[in-house]
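Here is what each chain is made of, one letter per residue.
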Amino acid sequence: MAKGPGFYTDIGKKARDLLYKDYVSDHKFSLTTSTNDGIVITSTGITRNGLFLGDVSTKLVNKNITTDIKVDTSSNVLATVTIDEPAPGLKAILSCILPIEKSGKAELQYLHDYAGISTSIGLTASPTVNFSGVFGTNLVALGTDVAFDTASGKFTKVNAGLRFTYSDLVLGLTVNNKGDSVTGSYYHTVNPLTNTAVGAEMTHSYSSYQNTLAIGASHSLDPLTLVKARVENDGKTSALLQHEWRPKSVFTISGELDTRAVEKRAKVGLAVSLKP
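Residues numbered from 1 in each chain as written. Predicted model: local features only at pLDDT ≥ 70, side-chain atom pairs only at ≥ 80, totals over all residues. Heavy atoms only, no water.

Engineer: For this particular structure, what's the right way to read the side chain of Ser 30?
Structural biologist: Position of Ser 30 among the secondary structure elements: in strand β1 (residues 27-34). Among the polar contacts listed, one links the side chain of Ser 30 to the side chain of Ser 273, at a separation of 3.4 Å. Ignoring any residue separated from it by four or fewer positions in sequence, one finds Ser 30 in contact with Ser 43, Thr 44, Val 272, Ser 273 and Leu 274. (Helix = DSSP H or I, 4+ residues; strand = E, 2+ residues; numbered from the N terminus. Polar contact = N/O pair within 3.5 Å; in protein donor to acceptor, adjacent residues only side chain to side chain. Contact = heavy atoms within 4.5 Å.)

Engineer: Help me out: how do you make sense of a nonpolar patch on the surface in this one?
Structural biologist: A cluster of nonpolar side chains, Leu 139, Val 140, Leu 142, Leu 162, Phe 164, Tyr 166, Leu 171, Leu 173 and Tyr 186, forms an exposed patch at the surface whose accessible area comes to about 810 Å². Ranked by residue count, the leading element in the nonpolar patch is strand β11 (residues 154-166), at three residues. (Patch = residues over 30% accessible without salt bridge, like charges linked within 9 Å, V, L, I, M, F, W, Y side chains within 5 Å. Areas by Shrake-Rupley, 256 points an atom, 1.4 Å probe, with all protein chains shown as cover. Salt bridge = Lys/Arg side-chain N within 4 Å of Asp/Glu carboxyl O.)

Engineer: Sorry if this is basic, but what is going on with the nonpolar core here?
Structural biologist: Looking at soluble globular proteins, one finds that nonpolar side chains tend to be buried together. Within the largest apolar cluster, five residues are counted, these being Ala 15, Leu 18, Val 170, Tyr 187 and Ala 197. With sequence-adjacent residues up to four places away left out, Tyr 187 is seen in contact with Lys 14, Ala 15, Leu 18, Asp 168, Leu 169, Val 170, Ala 197, Val 198 and Gly 199. (Core = buried A, V, L, I, M, F, W, Y, C linked by side-chain atoms within 4.5 Å. Buried < 20%, exposed > 50% of the residue type's maximum accessible area, 1.4 Å probe, protein only.)

Engineer: Help me understand the pattern of salt bridges, please; the structure alone is not making it clear to me.
Structural biologist: Pairing of side chains with opposite charge becomes possible as their charged atoms draw close. Inspection of the entire model under this criterion finds five salt bridges. For Asp 145, the salt bridge identified is with Lys 157, shortest N-O distance 3.2 Å. Taken together, the residues Asp 145 in strand β10 (residues 140-149) and Lys 157 in strand β11 connect sequence positions 12 residues apart. A relative accessible area of 13% means that Asp 145 is categorised as buried. Overall, Lys 157 belongs to the partly exposed group, its relative accessible area being 28%. Here Glu 232 and Arg 230 are joined by a salt bridge, their closest N and O atoms 3.2 Å apart. This pair shows no difference in class: Glu 232 is buried, exactly as Arg 230 is. Each of the salt bridges in this network shares a partner with another, and the network as a whole consists of Arg 230, Glu 232 and Glu 256.

Engineer: Mind showing me how you'd approach the packing of aromatic side chains here?
Structural biologist: How two aromatic rings sit relative to each other is given by the distance of their centres and the angle of their planes. The final tally for this structure, using the stated rule, is one aromatic pair. If you follow Arg 230 out to its NZ or CZ, it ends over the ring of Tyr 23, 4.5 Å from the centre. (Phe/Tyr/Trp six-rings, centres within 6.5 Å; stacked < 30°, edge-to-face > 60°. Lys NZ or Arg CZ within 6 Å of the ring centre and 35° of its normal.)

Quick look at the structure:
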């Protein structure tokens, strides 16, 4: 079990990953290669609604500085520079999207045995300031996530969360949208040898009086093959099969069926990731 409470985004993360991670509804292909100089190049293509979208990203690591540059088919350039541990437990991140104005952002992350703090600020004249902090241990953690718009002088986001971890059980509770919604999550490792786990996430909205519920499970058929399934209270049922057919090369196929509208075609997604 990892030390420390982690970051705010880690509250409920295990349940979210079990329920939603790696499910695809499009056709996606990615190829990752590396040079002798340590430069990693990844090319990705996605077919979505009859359109082809793609991007090429380059990653260069020099000591504790990582530079990522990604160019997509919309001619946007995302540049990110990460400085790992300029001081113990600290990480600094600078990012921007060209040619989008006011997209620059500076972020600091600090991880300690009893705290996880992340703060960011937009590089503009009237920036939005984000702060999230979690305090506690790897067993119990309490945190908050807020955003303040300096232009309007108002808080645009106020969230709070609690996580409880005991052995093979992880429970999470978050209050979001300035108290308008509450989300509870549950994750349980049934058998660590076969990666068998079950999880659920439920959200209640006070303004709309609506509830959303998702229940899922995962199981490894063998060390290289994973199957997952998810059922939602709106009648949608999803399943996933993922196979690592060679080291770091993964084939994923998933499908979604709306049981309340069985006359509609099921959505089928396919993803192939190659790393020679």
